[in-house]
Amino acid sequence: MAPGSRVAALPAHLRKRLADAYETGMLPDAPSTMALRSVLGMQDGTDELVADLTELAQIGIAGRAVSAWVRSLDRAAGGVPDLDLVWSGPEVPGLHARDTRRVYEELVRTATQSVWMSTYVYFDGPRAFADLAQRMDEIPGLRAVLMLNIQRARGDTTAPDQLVRRFADRFWGTDWPGTSRPAVFYDPRSLEPDGPAGVLHAKAVVVDDEAVFITSANLTAAALDRNIELGLLTRDPALAASVTTHFQGLIDTDLLKPLPAA
């Protein structure tokens, strides 16, 4: 392996963490395994990274020069936004990826302007929406838009408007834990009496018109923690605008309808 190859193969968020640590002096020129574990928040693979950093030092790249070298790798990529893999489920020793629940929490807890969130299923609303509700109460100007699926149970002959009313009463009365309220929209096709002509199945989060997280995971404990789920996280204003513009187009054309107030 060429010197630095293991460092270059780290996920983008870990490369940035490493560069910041060298730049600020948090890491010494020859860091120990323990120091790397503390900075990167990882257990497996740190011995190999120490060996890689030692090889870099032998060719004159050590200390703060590592920070400049790591940042030059990303600039050399031609400005293409970094993509981080985000996984739920069992961890694989030696493979480094971000955790689904942690990514959801970090995105929502750091939002300052807007949060767009779409999910097919959520369980335990007060827990699923706790971070978003708290953030909205902390920042009154934060705009939050939720796209949620309302599903007709098999054999249920209830009129669509009554199903919507039932869902709205439960959501506002039980599931939403905050004082400030998001704008909530649903796909009416899933309520057709003869079976769903389509459902709102997208799972995505867009924060502050920049961070975009597309995932297979719903807002359930199983999906966030136990199932094997996969997603991609990036910071790309153009992609963020594309996602939110599409959702807004569905709203503006009445393909997604607003959930009534309680």
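Before any of the text, the structure's been laid out above.
Residues numbered from 1 in each chain as written. Predicted model: local features only at pLDDT ≥ 70, side-chain atom pairs only at ≥ 80, totals over all residues. Heavy atoms only, no water.

Trainee: Looking at this model, I keep getting lost on a nonpolar patch on the surface. Mind explaining?
Mentor: There is a patch of nonpolar side chains on the surface, built from Leu83, Leu85, Trp87, Ile228, Leu230 and Leu232 and spanning about 580 Å² of accessible area. When contributions to the nonpolar patch are tallied by element, the ones reaching two or more residues are strand S1 (84-88) and strand S8 (229-235). As for its placement among the helices and strands, Leu85 is situated in strand S1. On the basis of relative accessible area, Leu85 is assigned to the partly exposed category, the value being 42%. (Patch = residues over 30% accessible without salt bridge, like charges linked within 9 Å, V, L, I, M, F, W, Y side chains within 5 Å. Areas by Shrake-Rupley, 256 points an atom, 1.4 Å probe, with all protein chains shown as cover. Salt bridge = Lys/Arg side-chain N within 4 Å of Asp/Glu carboxyl O. Helix = DSSP H or I, 4+ residues; strand = E, 2+ residues; numbered from the N terminus. Buried < 20%, exposed > 50% of the residue type's maximum accessible area, 1.4 Å probe, protein only.)

Trainee: Help me out: how do you make sense of the sheet that holds strand S3 (residues 114-119) in this one?
Mentor: In a beta sheet, neighbouring strands pair by backbone hydrogen bonds and run either parallel or antiparallel. With mixed pairing, nine strands are arranged side by side in an open sheet as S2-S1-S8-S7-S6-S3-S4-S5-S9. Of all strands in the sheet, those with a lone pairing partner are strand S2 (98-99) and strand S9 (257-258), marking the two edges. (Pairing = 2+ DSSP bridges.)

Trainee: So what exactly am I meant to see when it comes to the pattern of salt bridges here?
Mentor: Pairing between side chains of opposite charge can happen when the charged atoms of each approach one another. In this structure the tally under the stated criterion is 14 salt bridges. With a closest N to O distance of 2.6 Å, Arg71 and Asp20 form a salt bridge. Placement of Arg71 in helix H5 (residues 64-76) and of Asp20 in helix H2 (residues 12-23) is noted, with a sequence separation of 51 residues between them. Notably, a salt bridge pairs Asp254 with Lys257, separated by 2.7 Å at the nearest N-O pair. What makes Lys257 partly exposed here is its relative accessible area of 25%. Taken together, the shared-partner salt bridges in this structure form one network comprising Lys16, Asp20, Glu23 and Arg71.

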